[in-house]
Amino acid sequence: VTEMSILEHRLTIPESLQSIILPLKILENEEAEFLRRAGFLVWTGKITTASIEEAQRRVSAAIGRGDVRGYDAAKRISDLRRLHRLIDLLETQGLRCGLMYLDRARNDKDRKTKRFLSLPQVADLISNCKDSPELHPKPSLVKKLVDEGLTKGGKIIIFTEYRDTVNNLLETLESENVKPGRFVGQASKGKQIGMKQSEQIEQLERFKNGEINVLIATSVGEEGLDVPAADCVILYEPVPSAIRAIQRRGRTARKTDGDVQILIAQNTRDEYVQNAAKSREKSMYKTLSNLQKQSRLPKRMVPKENVLENFTIGDTNAEQYISTEKKRLTVEVQLEKQSEDTPRKKIKSDATIQPNRPKSQKSLADFSDAKKETNWWKPVL
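Here we summarise the structure given alongside this text. (Residues numbered from 1 in each chain as written. Predicted model: local features only at pLDDT ≥ 70, side-chain atom pairs only at ≥ 80, totals over all residues. Heavy atoms only, no water.)

### So, the pairing of strand 2 (residues 156–159)
Phase 1 of the analysis: Residues Ile156 and Ile158 point to one face of strand 2 and Ile157 and Phe159 to the other, with burial holding for every one of them.
Phase 2 of the analysis: Two strands pair when backbone bridges link them, and strand 2 and strand 4 (residues 214–217) are joined in this way by four bridges, in the parallel orientation. The residue of strand 4 that forms the bridge with Ile158 is Ile216.
Phase 3 of the analysis: Bridge analysis of strand 2 against strand 5 (residues 232–235) gives four bridges, and the strand direction is parallel. Looking across to strand 5, one finds that Phe159 is bridged to Leu235. (Buried < 20%, exposed > 50% of the residue type's maximum accessible area, 1.4 Å probe, protein only. Helix = DSSP H or I, 4+ residues; strand = E, 2+ residues; numbered from the N terminus. Pairing = 2+ DSSP bridges.)

Here it is as structure tokens:
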């Protein structure tokens, strides 16, 4: 039985990065307040993706009714959705990842995207921070954890939700001792080129053979393909699904002990997601336990250490019982072999065979007057 140690790293966003995010948050709150007063956004105390999607449905319904306010609200919701995404990237992924998202948006010919990039707060972020170094503590911590893990001679898998983070970590971790490799899905969009299935399989083989000692993967590495085991798994951000979290953790501690490192940025979406994942996983195990009590699932034996020490049959302990059974089974096998080699006795005559019929039923021989003759049966043709 292998052991898996799970360690959470709660990181504080530095003030330098918070000062960059602050103007964007002010703009986000202003847009949300306008939509709330117009009756499109349901305020729950926090702006979430679900509340933005609900506001989008309300705006679509208003436009269908002929409400002219819906057109202006639709533009604001479009900006609010992109703002919310940008803030999440800056808080949970890092400054470089946020700038990659904006740089990729520049190539989009959509008018909504161009309008979003022209917002003063977003334009200032691009112009002032395009040459800034990474300010988020996650990339530096990942590099430290990777260096510590590779000193033990193991392999490491890093999971993240975004391909921009994959590219950022490839640049950050590249060194003499660290040989990182990219592992993403097949879909391609703009500059983000996916990997074909043959490329994915080849990359996994390289990781298995040691040509790559750090595999940086998106959600495609959770299931579906035979991803080799690793000595350490780093979750760049937590995931809300309990099943996905279990699948990610399951990439380590298969044959040997393994570590799971979870990076959580405090006071951000990471904290809410981690709490949700823990709650759902706890609820899942509680449901399984209830099903077992109701005999809907087979009971699982809880593994214990040194179980054979308490195993007895009568006055015989485990070692004595196993030794006795080995001798008994050996003798039985020898006897069976001898019986197979001994030829079976033939039946002497048919007279010894008792007829398998009731006593009151007669045989054909009883109807003949010449029973004692050798050829007594003369059929009539």
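Further notes follow.
### Let's talk about the sheet that holds strand 3 (residues 180–183)
Phase 1 of the analysis: Overall, parallel pairing links the six strands, which are arranged 1-6-5-2-4-3 in an open sheet. Unpaired on one side and paired on the other, strand 1 (4–11) and strand 3 mark the two borders of the sheet. On average, each strand axis in the sheet is tilted by 20° relative to the strand beside it, whichever way the strands run.
Phase 2 of the analysis: Bridge count for strand 5 against strand 6 (residues 258–265) is four bridges, and the pairing is parallel. Counterpart to Ile234 in the pairing with strand 6 is Gln261.
Phase 3 of the analysis: Each of strand 2, strand 3 and strand 4 touches helix 9 (residues 197–209); the most contacted strand, strand 3, lies at about 150° to it. (Axes fitted to C-alpha atoms, helices over the stretch in contact; angles between N-to-C directions. Contact = heavy atoms within 4.5 Å.)

### A word on the nonpolar core
Phase 1 of the analysis: Grouped together as the largest cluster of nonpolar side chains are 24 residues, with contacts concentrated most on Leu24, Leu86, Leu102, Phe116, Val122 and Leu125.
Phase 2 of the analysis: Mapped by element, the contributors of at least two residues to this core are helix 1 (15–37), helix 3 (69–92), helix 4 (95–106), helix 5 (111–117) and helix 6 (120–129).
Phase 3 of the analysis: Broken down by element, this core gets its largest block of residues, six residues, from helix 4.
Phase 4 of the analysis: Apart from the residues lying within four places of it in its own chain, the contact partners of Val122 are Leu24, Leu83, Leu102, Phe116 and Leu117.
Phase 5 of the analysis: Counting residues in each nonpolar core, the second largest holds 20 residues, with Leu11, Leu141, Leu173 and Val214 among its members. (Core = buried A, V, L, I, M, F, W, Y, C linked by side-chain atoms within 4.5 Å.)

### What about the layout of surface pockets?
Phase 1 of the analysis: Its volume calculated, the largest pocket comes out at about 710 Å³.
Phase 2 of the analysis: Lining the largest pocket are 30 residues, with Ile47, Thr48, His84, Asp88 and Arg269 positioned closest to its centre.
Phase 3 of the analysis: When residues of the lining of the largest pocket are traced back to their parent elements, those giving at least two are helix 1, helix 2 (49–65), helix 3 and helix 11 (269–293).
Phase 4 of the analysis: Ranked by residue count, the leading element in the lining of the largest pocket is helix 3, at six residues.
Phase 5 of the analysis: Residue composition of the lining of the largest pocket, by class: 11 nonpolar, seven polar and 12 charged. (1 Å grid on protein atoms, 1.4 Å probe; cavity = no way out; pocket = protein on both sides within 12 Å on 5 of 7 lines; lining within 4 Å. Points joined across faces, edges and corners; volume = space filled by probe spheres on them. Nonpolar A, V, L, I, M, F, W, Y, C, P; charged D, E, K, R; others polar.)

### Re the pattern of salt bridges
Phase 1 of the analysis: Tallying each qualifying case throughout the model produces 21 salt bridges.
Phase 2 of the analysis: A salt bridge links Arg76 to Asp72, with the shortest nitrogen-to-oxygen separation between them at 3.1 Å. Placement of both Arg76 and Asp72 in helix 3 is noted, with a separation of four residues, approximately one turn of the helix.
Phase 3 of the analysis: Judged by its relative accessible area of 35%, Asp72 falls in the partly exposed class.
Phase 4 of the analysis: The network of salt bridges with common partners includes Glu8, Arg10, Glu271 and Lys278. (Salt bridge = Lys/Arg side-chain N within 4 Å of Asp/Glu carboxyl O.)

### Notes on the pairing of strand 4
Phase 1 of the analysis: Residues Val214 and Ile216 point to one face of strand 4 and Leu215 and Ala217 to the other, with burial holding for every one of them.
Phase 2 of the analysis: The pairing of strand 3 with strand 4 spans four bridges and is classified as parallel. Following the sheet pairing, Gly181 is matched in strand 4 by Leu215.
Phase 3 of the analysis: The β-α-β motif built from strand 3, the intervening helix 9 and the parallel element strand 4 has right-handed crossover chirality. (Right-handed = clockwise from strand over helix to strand, strands pointing away.)

### Regarding the environment of Lys46
Phase 1 of the analysis: Along the chain, Lys46 turns up in the loop between helix 1 and helix 2.
Phase 2 of the analysis: Along the chain, Lys46 and Ala32 lie 14 residues apart, while their C-alpha atoms are 9.9 Å from each other.
Phase 3 of the analysis: What Lys46 contacts, discounting residues up to four positions off in sequence, is Ser51 and Tyr272.

### A few points about empty space enclosed by the protein
Phase 1 of the analysis: Applying the stated criterion across every chain, the model contains one cavity of 30 Å³ or more.
Phase 2 of the analysis: Reported here for the largest cavity is a volume of approximately 40 Å³.
Phase 3 of the analysis: For the largest cavity, the full set of lining residues is Asp88, Thr92, Gln93, Glu161, Tyr162, Glu237, Arg269 and Asp270.
Phase 4 of the analysis: Taken together, the residues of the lining of the largest cavity break down into one nonpolar, two polar and five charged.

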